[in-house]
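As a plain string of letters, each chain reads:
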Amino acid sequence: GKVGFGFGEFFELRGSYMQMMNQPNDFENFGITNYDPDTFEFNDVDIVRFGGEIKANFSRGRLLPYLLLGTGIQSIELDMELERKQIYLTAGAGITLGVGDRFTLNLEARNTAYRYNAGEHLLTDANKSDLGILGIPFIQDDLNNWSVGAGLQIYLGGRKPGQMSDLDKAYFDSFTRGSGGLNVGLEAVVGQMNFSDKLVYRNT
């Protein structure tokens, strides 16, 4: 599910939440020599993601192509005992189809990327012992998960989709009245990052 705010016709800021329950930890494609799906003791895996994303529309009318970019926190929990959290990044593209004054249908494809050590975190000690790999280290991988989806979006209050606000008109005019519309910005950032006491990193 998603909920958010529209800033005119072209930009939306959305918060998102996704949950998958009782997924089996299937290690058939990991190349483990002693793995047998008929005798392997599967464990349930729960996945939760929550974060935010920016959606940018690139035209006007009832058929709108768009791009989206977002990030958030992902939690993967094995058998309600072993929980690991990661930062994820997501990027995608899609098409919005207007089906009513305040209803649109979104069709999109996206890629979600994160770093994870599946063998270390999704196999119990009993699994590793049965497979003869107890004590053997696994490698953390950069994972990319592609997905496609469809959703019905409902606009509550504000302008109707397809109508331009004053902000939209000013933004649109910047591209159509000879002003170029393209600005290149340079931004300097200074900050402090404090890591959790449970990590072996010093504050930066």
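To be clear, the structure that these remarks concern was listed above.
Everything numeric here is computed off the predicted structure, so don't read it as measured data.

Explain the overall build of the protein chain to me, and be specific about the residues and the numbers.
Across its full length, the protein chain holds three helices and seven strands. Going from the N terminus to the C terminus, the protein chain shows its helices and strands as β-β-β-β-β-β-α-α-β-α. Residues counted as buried form 29% of the 204 residues belonging to the protein chain. Taking as baseline every contact in the protein chain between residues at least 6 positions apart, the subset at least 24 positions apart corresponds to 60%. Here the protein chain displays about 14,100 Å² of accessible surface, and carbon together with sulfur accounts for 58% of that area.

Please provide a residue-by-residue account of the nonpolar core, values included.
Phe27, Ile32, Leu122, Leu123 and Leu131 are the most contacted members of the largest nonpolar core, which has 16 residues in total. Looking at this core, the elements with two or more residues in it are strand E3 (44-57), strand E4 (63-78) and strand E6 (103-116). Excluding residues within four positions of it along the chain, Leu131 makes contact with Ile32, Asn34, Tyr35, Phe40 and Leu123.

Account for the pairing of E3, with residues named and values stated.
Pairing analysis gives twelve bridges linking strand E2 (residues 11-24) to E3, with the strands arranged antiparallel. Along E3, the bridge assignment pairs Gly15 with Gly52. Strand direction decides the pairing type here: E3 and E4, joined by 13 bridges, are antiparallel. Residue Glu53 lies in a different strand from E4, and its bridge partner there is Gly70.

Outline the sheet that holds strand E1 (residues 2-7), supporting the account with residue identities and numerical values.
The pairing of strands in a sheet happens through backbone hydrogen bonds and is either parallel or antiparallel. Strand order in the open sheet made by the seven strands is E1-E2-E3-E4-E5-E6-E7, with antiparallel pairing throughout. The open sheet has two free edges, formed respectively by E1 and strand E7 (141-154), since each of these has just one partner strand. Going from strand to strand, the sheet's axes swing by 20 degrees on average, the running direction of each strand aside. Looking at chain direction, strand E5 (residues 82-98) and E6 are connected through ten bridges and run antiparallel. Each residue of the ladder has a partner; that of Leu97, found in E6, is Leu105.

What counts, and where the lines are drawn
Residues numbered from 1 in each chain as written. Predicted model: local features only at pLDDT ≥ 70, side-chain atom pairs only at ≥ 80, totals over all residues. Heavy atoms only, no water. Helix = DSSP H or I, 4+ residues; strand = E, 2+ residues; numbered from the N terminus. Buried < 20%, exposed > 50% of the residue type's maximum accessible area, 1.4 Å probe, protein only. Contact = heavy atoms within 4.5 Å. Areas by Shrake-Rupley, 256 points an atom, 1.4 Å probe, with all protein chains shown as cover. Core = buried A, V, L, I, M, F, W, Y, C linked by side-chain atoms within 4.5 Å. Pairing = 2+ DSSP bridges. Axes fitted to C-alpha atoms, helices over the stretch in contact; angles between N-to-C directions.

Any functional reading would require information beyond the geometric quantities listed.
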